[in-house]
Amino acid sequence: MKTISDHILDILQNSVTAGATFIEIIVDENKKNDFYTIKLTDNGCGMSEEILKKATDPFFTSRNTRKVGLGLSLLKQNAEKAGGFLSIESKSGAGTRVKATFQLTNIDRPPMGNIWEVLYITWVSYSSIELKYVHETEKGRFEINSSEIVEILGDVPLTNKEIKEAIYELIKNNLKSIQATI
Amino acid sequence: MTTIKTLADLRRIKEELQSKIKLRENSNHPEQLTQIKVGMATCGIASGAKETMKYFLEELEQQAIDAVVTQTGCMGFCYAEPTVEVILPNREPVVFGFVDKAKAQEIIDVYIKKGKLVDGVMPITFKTIDD
């Protein structure tokens, strides 16, 4: 994966497959401690202790369409390569939290990339899932929730070109105002 | 152009548009719409499936073609990503492989608009490793 937003898009699929109806993504930039942390929390079916132990094994997957599960193992690899680590908390029936920490100034930390595109295509695909994105820096905090977008749009489709461009601009402008590292 | 920074700005844009656009009439009956599902698992994303999905969304909107575009999980054709499943109304699903922007355009112009198959169909005899 070339960007952190690609990883987020990938891990979101895990949450969807787990039957999540609420997914929260929190990006926390901490220049003082040199951390760039991504936390994805869902209310899906969670993993048993046995499955949790194997979750980052690239040759383990819960799917039957293939014999490899690369998403979490690639995220772990990229986090560790950038001086960080991956942690996963999960319990059967109680959801999952995936936390990837990167060293902010590490040259191997991938850029965030176009997170607005990832959020948008996920909102378009999974209208019944509430997806919340939070980005925090020392300059401020930006939050956006799909339930608010849905309420505002009403009957106007999310796929309308002007709406799409407006959402992109809203997210980009707010990330710029908090000096987010993208 | 006015800066869009708050949800109130988004609401204003929506209100300006509402009177101008024709709202989808059969959005409560997705089976009557063409459905396009883009594989968005790890191998799909690494192969450019996000760009494929964006292209479908933009082109179908541009051409005012009634269709629902969504992402889906792994369909098992990791060697042929990006893969896209297209379900025309009252037709069986068809999965296409190696769908870049050019192939996406061909699928729209030939299969979705005219119902004629194009090269790159994934075989329905595909079995999973467990079969």
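Predicted model only: the values in this text are computed from it and were never measured. (Residues numbered from 1 in each chain as written. Chains lettered and ligands numbered in written order. Predicted model: local features only at pLDDT ≥ 70, side-chain atom pairs only at ≥ 80, totals over all residues. Heavy atoms only, no water.)

Concerning the overall build of chain B
When helices and strands are tallied, chain B shows 4 helices and 4 strands. For chain B, the sequential pattern of α-helices and β-strands runs α-β-α-α-β-β-β-α. Split into buried and exposed, the 131 residues of chain B put 47% on the buried side. Long-range pairs, those at least 24 residues apart, make up 60% of the contacts in chain B with a sequence separation of at least 6. Carbon and sulfur atoms make up 50% of the accessible area of chain B, which totals about 7,000 Å². (Helix = DSSP H or I, 4+ residues; strand = E, 2+ residues; numbered from the N terminus. Buried < 20%, exposed > 50% of the residue type's maximum accessible area, 1.4 Å probe, protein only. Contact = heavy atoms within 4.5 Å. Areas by Shrake-Rupley, 256 points an atom, 1.4 Å probe, with all protein chains shown as cover.)

Thoughts on the confidence of the model for chain A
Here chain A averages 94 in pLDDT, while 98% of its residues score no lower than 70. Put simply, helix 2 (residues 49–54) of chain A is where chain A has its lowest mean pLDDT, 90, and strand 5 (residues 130–137) of chain A is where it has its highest, 98. (pLDDT = per-residue confidence, 0-100.)

Looking at the pattern of salt bridges
According to the stated counting rule, one finds 18 salt bridges over all chains in the structure shown. Ionic pairing is found between Asp6(A) and Lys50(B), a salt bridge with its closest N-O pair at 3.4 Å. Within this pair, whereas Asp6(A) is found in helix 1 (residues 4–17), its partner Lys50(B) is found in helix 3 (residues 49–62), the two belonging to separate chains. Neither residue differs from the other here; Asp6(A) and Lys50(B) are each classed as buried. Connected via shared salt-bridge partners are Asp6(A), Glu117(A), Lys50(B), Glu51(B) and Lys54(B). (Salt bridge = Lys/Arg side-chain N within 4 Å of Asp/Glu carboxyl O.)

Considerations on the packing of aromatic side chains
All names here are of chain A. Scanning all chains against the criterion turns up 2 aromatic pairs over all chains. Between the aromatic rings of Tyr120 and Tyr168, the centroid separation amounts to 5.6 Å while the plane-to-plane angle is 85°, which identifies the pairing as edge-to-face. Separated by 48 residues along the polypeptide, Tyr120 in helix 4 (residues 115–125) and Tyr168 in helix 6 (residues 161–177) bring together distant segments of the chain. In this pair, the class of Tyr120 matches that of Tyr168, namely buried. (Phe/Tyr/Trp six-rings, centres within 6.5 Å; stacked < 30°, edge-to-face > 60°.)

With respect to empty space enclosed by the protein
Here the idea is plain: a probe the size of a water molecule rolls over the atoms and shows the empty space left. All names here are of chain A. One pass over the full model with this rule turns up 1 cavity of 30 Å³ or more. The computed volume of the largest cavity comes to approximately 40 Å³. If you list the elements that add at least two residues to the lining of the largest cavity, you get helix 1, strand 2 (35–42) and strand 4 (96–103). The class makeup of the residues in the lining of the largest cavity is 7 nonpolar, 1 polar and no charged. (1 Å grid on protein atoms, 1.4 Å probe; cavity = no way out; pocket = protein on both sides within 12 Å on 5 of 7 lines; lining within 4 Å. Points joined across faces, edges and corners; volume = space filled by probe spheres on them. Nonpolar A, V, L, I, M, F, W, Y, C, P; charged D, E, K, R; others polar.)

Re the packing of helix 4 of chain A against helix 3 of chain B
Two elements in contact, helix 4 of chain A and helix 3 of chain B, have axes whose closest approach is 11 Å; the angle formed by their N-to-C orientations is 60°. With respect to the hand of their crossing, helix 4 of chain A and helix 3 of chain B are arranged in left-handed fashion. Only Lys50(B), Glu51(B), Met53(B), Lys54(B) and Leu57(B) of helix 3 of chain B make contact with helix 4 of chain A, whose side of the interface consists of Glu117(A), Val118(A), Tyr120(A), Ile121(A), Val124(A) and Ser125(A). For the contact of helix 4 of chain A with helix 3 of chain B, the per-class residue count stands at 6 nonpolar, 1 polar and 4 charged. (Axes fitted to C-alpha atoms, helices over the stretch in contact; angles between N-to-C directions. Left-handed = near helix turned anticlockwise from the far one by under 90°.)

Some words on the layout of surface pockets
Residue and element names in this part refer to chain A. Within this model, the second largest pocket holds a volume of roughly 530 Å³. Contributing to the lining of the second largest pocket are 27 residues, with Asn14, Met47, Ser62, Arg63 and Leu72 lying nearest its centre. Of all the secondary structure elements, the ones that give two or more residues to the lining of the second largest pocket are helix 1, strand 2, helix 3 (71–81) and strand 4. For the lining of the second largest pocket, the leading source of residues is helix 1, giving 6 residues. Tallied by class, the residues present in the lining of the second largest pocket amount to 12 nonpolar, 11 polar and 4 charged.

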